[in-house]
Each structure stands twice: as structure tokens, then as C-alpha cells.
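Notes for the structure review
Residues per chain are reported as follows:
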Amino acid sequence: MIHRLIAAGVVVASTLGVLSVNAQTSSSAFNNTLMPQPAHLTVNAGSVPITPQFTAAADKFHDARLDAAISRMLVRLKAQTGVQIATTPASGAATLTITADGPGEAIQGPDENESYSLEVTSSGAHLKAATVVGAIHGLETFLQLVQNDRTTYFLPAVSIDDSPRFRWRGLMIDCSRHFQPIEVIKRTLDGMAAVKMNVFHWHLSDDQGFRMESKVFPKLTGMGSDGLYYTQDQAREIVAYARERGIRVVPEFDIPGHAQSWMVGYPELASGTGPDYGGPYQIERQYGIFDPVMDPTRESTYKFLDRFIGEMAEIFPDTYMHIGGDENNGVQWKANPKIQEFAKKHNLNDTAALQTYFNQQLLPILTKQGKRMIGWDEIFAPGLSKDAVIESWRGFDSLAASAKARYDGILAQPYYLDHMNSAEQHYRADPVPVGTMLTPDEQARILGGEACMWNEHVTPRSIDSRVWPRTAAIAERLWSPQSVNNVDDMYRRLWVESLRLEAVGLTHLSAEDVGLRQLAGTAQIEPLRVLASVLQPVGADQRYEMQHTSQLTPMDHLIDTVRPDPPSRHQLERLVKAYLANHDTEARAELTATFESWIAAGPKAQVLMTSEPLLQDPAPRAQQLADLGTAGLEAILYIEKQQTPPAGWAQGKLAVIDQAAKPVGLVRFTVLEPLRDLVNAAGK
Ligand code: ACM
């Protein structure tokens with residue numbers, strides 16, 4: 001069957017808006033939902049239907065990793081289409097031929113060739129890549145290309161030539177503050193693979209818990225983990241699982257600060273004075289910056305780290321090992337006369353200088369294991385080896401400063417997921433922004449970026465919604481050309497990607513309903529769902545201030561159930577814009593229906609909430625929802641009738657919106673700004 005597609009030879013990457021319009025006007029037109037967008041895409045005439053005869057085969061090089069990737073793709077294609085296809089690679093001629101030149105690096109590094117090309121014509125599909133990693137990325141694109149009309153699934157004829165803009169496209173998960181079971185890590189890796197991310201940065205130790213088994217130093221987890229840690233076998237399993245998906249695993253052991261959990265079993269690492277080196281130390285339950293820090297002056301500290309890093313190097317083959325290095329307040333160092341004496345003798349005049357000394361001793365220990373050092377901003381200080389990589393959590397300026405000083409760097413801060421910013425805000429943050437003052441050489445030192453999931457307030461149930469789908473927008477920023485920057489089009493594709501991520505096993509959508517049912521003690525949660533759809537969690541700092549959280553705080557409130565940047569925020573913004581710009585009737589109808597649903601749901605949600613202990617705090621949100629709906633509905637009525645509202649009407653409604661903007665129950669409304677625009681427009 002041949003599907004009429006839009007004119008052959010249309011180059012797409014920078015004209016997404018045009019394509020999406022076409023896609024919505026004809027069921028057989030190509031609907032570009034690729035995420036991340038490829039570097040080069042041409043849409044041609046023709047298509048390949050998915051029938052039971054569909055096959056995929058590698059025709060040149062293949063190995064167990066490529067075979068497994070092809071099988072996983074076929075299993076997902078079968079599930080996605082309901083067509084009974086064979087789920088193992090074929091031999092000989094196939095519908096999809098995969099030509100990989102070779103396996104790629106034995107240990108994947110930032111210089112791995114990740115490029116691929118994909119050619120689909122009416123007679124079949126051909127995926128070509130230099131490495132298996134490139135082929136793995138191409139197989140994800142292949143799945144994302146699948147289109148359907150009313151009765152059939154098919155692949156559109158396209159020509160794709162793709163490679164990433166940045167070499168380092170990471171996701172950091174903090175497993176210290178709240179341990180995340182192995183199943184969570186695996187489904188996270190599946191999500192990362194779906195959007196072509198290639199570094200899993202595993203934050204394995206911090207003050208609040210040591211999560212990696214050491215057989216050399218068993219008290220690390222024996223006393224520092226509450227029994228919540230990864231065995232060495234599990235870590236190896238994760239490394240292998242990640243490699244199968246083209247993802248590197250970079251472990252982080254945060255030292256010399258943020259290391260209190262080490263000292264519970266091994267107080268001799270600490271810099272305090274007295275018989276217990278300032279201890280005895282406990283697993284830290286509070287959040288923040290704490291005094292315990294490793295003693296940089298004692299030979300025994302480095303002997304310990306030498307043995308520990310040697311043990312970890314056998315489990316984690318990646319060339320990079322992250323040593324943290326952030327937020328050492330220097331308090332224990334300043335209070336210890338022996339350390340001060342040492343510092344004076346070596347001309348180490350402040351905490352930063354002493355920490356650089358520590359890093360200098362660490363460097364040969366890492367080098368001996370074939371590792372390169374990577375650390376947070378604070379390791380960037382005079383005297384640091386040029387071989388070290390700086391991960392910038394302080395933002396663009398410090399990243400630029402390290403690039404100017406000829407260090408490789410990675411951008412982290414604008415991608416902090418715990419801040420609960422919108423996908424749009426993350427998407428707009430470019431590691432090398434337009435108009436950068438960096439020279440081409442300096443720009444080349446910026447390897448990429450990492451989304452960071454700090455887990456002070458995150459449980460295995462809530463983690464997926466904190467990471468996904470926003471991280472898919474970050475993945476696109478790091479993979480696609482800089483010119484792919486249309487926010488509306490990003491969101492259009494993000495909501496599709498969100499469903500695809502759900503299909504690989506992520507629970508970012510379903511967990512919200514689970515949480516609402518648990519909170520309400522009933523399966524009849526419809527009114528609560530309406531309310532939850534326009535609420536999102538406050539950011540981590542705000543939550544900490546309002547709730548004084550610790551590791552022991554229960555994480556089972558409404559804030560732990562609602563999602564950051566749910567569709568309502570961008571949707572309402574878009575509808576109000578369309579309506580106010582040209583009185584768009586579809587937008588008006590959708591807005592009216594939305595406001596009516598708020599008015600109907602509010603009182604019912606209130607009844608549910610006021611009878612449940614865990615919903616008392618956010619209960620005022622229910623009445624506010626109805627009031628906001630009324631404000632929106634009345635605004636539309638005045639605008640439609642071209643009638644001036646009575647004196648005080650706009651001020652009254654703006655006061656309702658201001659009231660709703662105040663923090664209540666640790667959740668925020670997502671829709672207040674467009675509502676304000678609507679009320680202001682009606683008031684004119
Ligand atoms: C950090 O946020 N302290 C890395």
C-alpha cells in the first residue's frame with residue numbers, strides 16, 4: 001500500500017511547524033513525532049506497511065548486543081502495532097536491513113561514533129551505522145517513525161542522517177538520599193535509551209547513605225546504608241544492562257565532603273579531633289551541608305581510597321569516575337590544629353587549596369586504574385590537573401570559565417529536575433547558547449549536559465514523574481541541532497513521547513492515579529484527577545523550607561503524587577493565546593469546557609479532601625479550582641459579549657488568582673498566568 005505523503009524532498013529539521021500542520025490535515029501524512037529530532041530528515045513519497053511478514057536482519061557485522069537490540073525493537077514493534085511479527089532477527093533479505101560496520105568501542109566513551117542513517121522506501125528500510133551504538137539509536141528512531149491510519153501501521157518513506165550535537169547526554173540519579181531499587185534503575189535506562197541519552201551518572205554515596213557494596217570495606221554499607229544498597233553483582237548487572245542500550249555508567253562517590261555515611265563505619269577517615277575523629281558518626285538524616293570531611297593530610301586516607309577505587313574500578317569499566325567534590329564547608333579542617341599546621345607548611349591557604357591538594361593525591365590513584373577524574377564545580381581550582389572534567393552545577397558562567405581554562409566540562413544546573421521547572425525552561429537552556437563568547441576551541445570543551453535528579457524528596461513511586469517526560473526535552477536539547485528550538489512543537493512531540501516512555505515500563509503517568517487513590521481511600525477519584533491536572537509540586541528548596549524535610553519525612557502527600565509541568569500548563573497558555581489573538585472558536589470551546597470541568601470538580605474534590613487526613617493541607621485548592629474556573633468562564637463571557645465588566649470585577653478576579661498563587665499544601669497551580677491574561681483582556 002502506498003500512502004500519499006507530503007511532497008518529496010522536504011527538508012524538515014527547521015520546519016517542524018509546517019510539517020505538524022500538514023500532519024493534522026491528512027491521516028496518511030507523516031506526523032513527525034521524533035524525539036529527539038534527527039539532524040537531517042527528508043520525507044519522501046511511499047511507505048512500508050507493518051505486516052506479519054515484517055522482518056529485520058543484520059547483513060554485515062552483528063554480535064550479541066546488536067541481536068538483542070533488534071529483538072527488543074521487534075518485541076516493541078509487535079506490541080505497538082498488534083501485528084504478529086517474528087521477534088528474533090532474520091537471516092538473509094529482510095524488510096529492515098541493519099548494516100553495522102563493527103561493534104564500536106570495547107568500553108564506550110564520549111568519542112564513540114553514535115551516528116546512523118535510515119533510509120525507508122516503498123521497497124524496504126535500511127539502517128546503517130559505523131557502530132552497534134549508532135544502530136541502537138537508529139532502532140529507536142525506527143520505532144518512533146511508525147505511523148498509522150484507521151486500519152494500518154506503516155513506515156513513511158524517509159531519509160534520515162543523524163548524529164548527536166553533544167557527546168555527553170547524561171542523567172544523574174541520586175540514590176543516597178532515597179535508595180532506588182534495581183527495577184527503577186533499569187526502567188530509567190530504558191527511558192534514556194528511548195531518547196538516545198548515553199551516560200547514567202550514578203550518585204552512590206552521600207551523607208545520607210552509602211549505596212554500593214564494598215567487600216574490602218564492608219562497614220561502608222554494613223553501617224552506612226540502613227541495609228539499602230546495591231550488591232556488586234547488581235551493579236555489574238546495571239553496567240551490562242546500560243551497555244546493551246548504548247549507555248555508559250559513571251559512578252559517583254562524593255568526597256571529601258558529603259561523605260558522612262563513610263564515617264559511620266570508618267570514623268578514621270574524618271577530620272575531627274578526639275578519640276573518634278569527631279565522631280561517632282551516624283547516617284545523616286537531615287539535608288544540607290555538613291561538617292564531616294575526609295582528612296587530606298593523613299596517608300591512611302589515600303591508602304583507603306586506593307583500595308576502594310581499585311575495587312570499584314573492576315565493577316565500573318567506564319573511563320570516568322566522579323569524585324563529587326562539592327560543598328565542603330571546611331569546618332572540620334579549620335578546627336583541627338594538625339590539619340592547619342599541615343596547610344601552613346604546604347602553603348595551602350584556604351579550604352579550596354587544601355581540597356586541590358587532596359585531589360592531586362587522588363589523581364594518581366585514579367590514573368593507576370585508567371580513570372579520568374570528573375567532579376563538581378568546586379574541584380575547578382588552581383592546580384587541578386587539566387585532565388579532570390568539571391561538571392558545572394553553578395551554571396553557564398562557571399562552565400564557560402572552566403572551558404576558558406582549558407578544562408572539559410558538562411552543564412548540569414539548568415537541568416536540575418528537583419527544582420520542578422518546566423520542560424520548556426530546560427529546553428531553552430543550551431550548553432553552548434547562541435551568541436556564546438567562547439572560541440570554537442573552548443566550545444569544543446563543552447562535552448554536553450546532564451539532567452540531575454536529586455532525591456531528597458523522591459521515592460520509587462514518584463521518581464518516574466520527576467524524571468519523565470521532562471528529561472526527553474533535555475535529551476533533545478543535547479542531541480538535536482541548535483536550530484531545533486520550537487517550544488510548541490517540542491511539547492506536541494513530548495506528549496507523544498510520554499506515552500512511548502510509558503510503553504517501555506515507566507510509571508510517570510500511572511503513578512499519579514495510584515497516589516490519588518491511596519490518598520483518597522477510594523477508586524472514585526475523578527474530581528481529584530481534574531484538580532491534580534492543574535497542580536504541580538513546589539520546588540525542592542521551597543518544600544524544604546516549608547516542610548523542614550529530612551530523610552525520615554514521609555513522602556506520601558499530594559505533592560508526591562502530582563507531576564511537574566503537566567500538560568495543563570502549556571495547553572492553557574496555548575489556548576488562551578490562540579483565543580485572545582483571533583477569537584479562535586475551537587480554543588474558546590476548549591477553554592469553556594475546561595473551566596466548566598473545574599467548576600464541577602471543585603466542590604466534589606473538596607468533599608473527598610476534607611474527610612481524609614492526608615488531604616487536609618491542600619484541601620483549599622479545591623475551592624480555588626472552582627473559583628478559577630468561574631473567573632475564566634466569566635472572562636470569556638465578557639469578551640464574547642464585548643461588554644465592560646462591572647467596576648471591580650477584574651480586580652476581584654485578579655485577587656482570586658493572587659490568592660491561588662500563594663503556597664498552600666506544597667502544591668502550585670500551573671494555569672495562573674494565562675488566566676491572568678484572560679481576566680486582564682476581559683477587564684479592558
Ligand atoms: C550540587 O548540587 N551540590 C552538586
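Quick look at the overall build of the protein chain now. Secondary structure assignment for the protein chain yields 25 helices and 19 strands. Against the globule reference of 26 Å for 684 residues, the protein chain gives a C-alpha radius of gyration of 27 Å, in line with a compact fold. Seen through its C-alpha atoms, the protein chain measures out along the principal axes to roughly 80 × 70 × 50 Å. A total of 684 residues make up the protein chain; the buried ones form 58% of that total. For the protein chain, contacts bridging at least 24 residues in sequence account for 75% of all contacts bridging at least 6. Carbon and sulfur atoms make up 52% of the accessible area of the protein chain, which amounts to about 25900 Å² in all. Across the protein chain, the centroid of the 62 positively charged side chains sits 1 Å from that of the 79 negatively charged ones.

Turning our attention to the pairing of strand S6 (residues 124–129). Pairing geometry for strand S4 (residues 96–100) and S6, over 5 bridges, is parallel. Residue pairing across strands places Thr97 opposite His126, the latter belonging to S6. Across 6 bridges, the pairing between strand S5 (residues 116–121) and S6 is antiparallel. Among the inter-strand pairings, Tyr116 is bridged to a residue of S6, identified as Ala129.

This next bit is on the pattern of salt bridges. This model, assessed by the stated rule, comprises 37 salt bridges. A salt bridge links Asp306 to Lys368, with the shortest nitrogen-to-oxygen separation between them at 2.7 Å. Here Asp306 is found in helix H8 (residues 299–315), whereas its partner Lys368 is found in helix H11 (residues 351–368), with 62 residues between them in sequence. Overall, the relative accessible area of 21% leaves Asp306 in the partly exposed class. Under the relative-accessibility criterion, Lys368 is labelled exposed at 55%. With its nearest N and O atoms 2.8 Å apart, the salt bridge here joins Glu497 to Arg500. Remark: Arg500 and Glu497 occur in helix H17 (residues 487–503); sequence separation between them is 3 residues, near one turn of the helix.

With an omega of 0°, the peptide bond running from Ile255 to Pro256 counts as cis. Relative to the elements of secondary structure, Pro256 occurs in the loop between strand S12 (248–253) and helix H7 (260–265). Cis geometry marks the peptide bond from Gly279 to Pro280; its omega dihedral reads 5°. Positive phi values are uncommon outside glycine, yet Lys196 reaches one of about 65°. Within the secondary structure, Lys196 is located in the loop between helix H4 (182–194) and strand S10 (199–206). Its identity as a non-glycine residue notwithstanding, Glu327 has a phi of 50°, on the positive side. The residue Glu327 is located in the loop between strand S13 (320–322) and helix H9 (331–334) in this model.

Now for helix H25 (residues 672–683). Taking 1.5 Å of rise per residue, the 12 residues of H25 would be expected to cover 16 Å, and the 16 Å separating its terminal C-alpha atoms lies within 8% of that figure. Among the residues making up H25, those that are buried are Leu672, Pro674, Leu675, Arg676, Leu678, Val679 and Ala682. Elements in contact with the buried residues of H25: helix H21 (567–582), helix H22 (585–610), helix H23 (620–641), helix H24 (649–661) and strand S19 (667–669).

Before going further, it helps to spend a moment on the packing of H21 against H25. Contact geometry of H21 with H25 gives a least axis separation of 9 Å together with a crossing angle of 20°. Considering the angle they form, H21 stands roughly parallel to H25. In the crossing of H21 with H25, the sense of the turn from one axis to the other is left-handed. Taken together, the residues of H25 that come into contact with H21 (itself represented by Leu572, Glu573, Val576, Tyr579 and Leu580) are Pro674, Leu675, Asp677, Leu678 and Ala681. Partitioning the contact of H21 with H25 into residue classes produces 8 nonpolar, no polar and 2 charged.

Bringing helix H16 (residues 470–479) into the picture now. Along an α-helix, residues three or four positions apart point the same way, because every turn accommodates 3.6 residues. Among the 10 residues in H16, 10 count as buried, and that is most of the element. Buried within H16 we find Arg470, Thr471, Ala472, Ala473, Ile474, Ala475, Glu476, Arg477, Leu478 and Trp479.

Glancing now at the side chain of Asp174. Turning to its location among the elements, Asp174 is positioned in strand S9 (residues 168–174). The contacts of Asp174, once residues within four sequence positions are left out, are His203, Met453, Trp454, Asn455 and Glu456.

Our focus in this paragraph is the nonpolar core. Of all hydrophobic cores here, the largest spans 98 residues; its most connected members are Phe200, Trp202, Trp262, Phe308 and Phe316. The contacts of Phe316, once residues within four sequence positions are left out, are Trp202, Leu204, Met212, Ala235, Val239, Val249, Pro251, Phe253 and Lys371.

Quick look at the confidence of the model for the protein chain now. Here the protein chain averages 95 in pLDDT, and 96% of its residues register 70 or above. Ignoring residues within four places in sequence, the model shows residues 1–27, a span with pLDDT below 50, making 61 contacts including any to other chains.

Moving on, we get to the packing of aromatic side chains. Two aromatic rings, taken as a pair, are described by how far apart their centres are and by the angle between their planes. Counted by the stated rule, this structure contains 23 aromatic pairs. Centroid distance Tyr416 to Trp454: 6.0 Å. Interplanar angle 65°. Geometry classified as edge-to-face. With Tyr416 in the loop between strand S16 (408–411) and helix H13 (423–428) and Trp454 in the loop between strand S17 (446–453) and helix H15 (463–467), the pair connects residues that are 38 residues apart, well separated along the chain. Residue Trp454 is classed as buried on the basis of its relative accessible area, which comes to 9%. Taken together, the aromatic side chains of Phe210, Phe217, Phe253, Trp262, Tyr266, Phe304 and Phe308 make up a single cluster linked through ring pairs. Over the aromatic face of Tyr266 sits the side chain of Lys219, whose NZ or CZ is 5.0 Å from the ring centroid.

Residues in a regular strand project their side chains so that they alternate between the two faces of the sheet. Of all 6 residues making up S12, 6 are buried, and the element is well covered by its neighbours. The alternating pattern of S12 places Arg248, Val250 and Glu252 and Val249, Pro251 and Phe253 on opposite faces, both of which are buried. For S10 and S12, the ladder comprises 6 bridges, and the chain directions are parallel. Counterpart to His203 in the pairing with S12 is Glu252.

Following the criterion strictly, the structure yields 0 disulfides and no others. Counting only cysteine sulfurs, Cys175 is the nearest neighbor of Cys452, a cysteine outside any disulfide, at a range of 13 Å.

Okay, the side chain of Arg177 next. You can see Arg177 is positioned in the loop between S9 and H4. Within the local environment of Arg177, its side chain forms a polar contact with the side chain of Gln208, the two groups lying 2.8 Å apart. Among residues more than four places away in sequence, those in contact with Arg177 are His203, Asp206, Gln208, Arg211, His258, Tyr287, Trp454, Asn455, Glu456 and Gln551.

Turning our attention to the packing of H4 against helix H6 (residues 232–244). Orientation of H4 relative to H6, taken along the N-to-C sense of each, is 10°, at an axis distance of 10 Å. The orientation of H4 with respect to H6, classified from their angle, is roughly parallel. When the axes of H4 and H6 are compared, the crossing they make is right-handed. Where H4 abuts H6, its residues Ile182, Ile185, Lys186, Leu189 and Asp190 lie against Gln234, Glu237, Ile238, Tyr241 and Ala242. In the contact of H4 with H6, the residues fall into 6 nonpolar, 1 polar and 3 charged.

About the criteria used
- Residues numbered from 1 in each chain as written.
- Predicted model: local features only at pLDDT ≥ 70, side-chain atom pairs only at ≥ 80, totals over all residues.
- Heavy atoms only, no water.
- Helix = DSSP H or I, 4+ residues; strand = E, 2+ residues; numbered from the N terminus.
- Rg over C-alpha atoms; globule rule 2.2 N^0.38 Å.
- Buried < 20%, exposed > 50% of the residue type's maximum accessible area, 1.4 Å probe, protein only.
- Contact = heavy atoms within 4.5 Å.
- Areas by Shrake-Rupley, 256 points an atom, 1.4 Å probe, with all protein chains shown as cover.
- Lys, Arg positive; Asp, Glu negative; His and termini not counted.
- Charge placed at Lys NZ, Arg CZ, Asp CG, Glu CD.
- Pairing = 2+ DSSP bridges.
- Salt bridge = Lys/Arg side-chain N within 4 Å of Asp/Glu carboxyl O.
- Expected span 1.5 Å × (residues − 1).
- Axes fitted to C-alpha atoms, helices over the stretch in contact; angles between N-to-C directions.
- Parallel < 35°, antiparallel > 145°, perpendicular 65-115°, else oblique.
- Left-handed = near helix turned anticlockwise from the far one by under 90°.
- Nonpolar A, V, L, I, M, F, W, Y, C, P; charged D, E, K, R; others polar.
- Core = buried A, V, L, I, M, F, W, Y, C linked by side-chain atoms within 4.5 Å.
- pLDDT = per-residue confidence, 0-100.
- Phe/Tyr/Trp six-rings, centres within 6.5 Å; stacked < 30°, edge-to-face > 60°.
- Lys NZ or Arg CZ within 6 Å of the ring centre and 35° of its normal.
- Disulfide = S-S within 2.5 Å.
- Polar contact = N/O pair within 3.5 Å; in protein donor to acceptor, adjacent residues only side chain to side chain.

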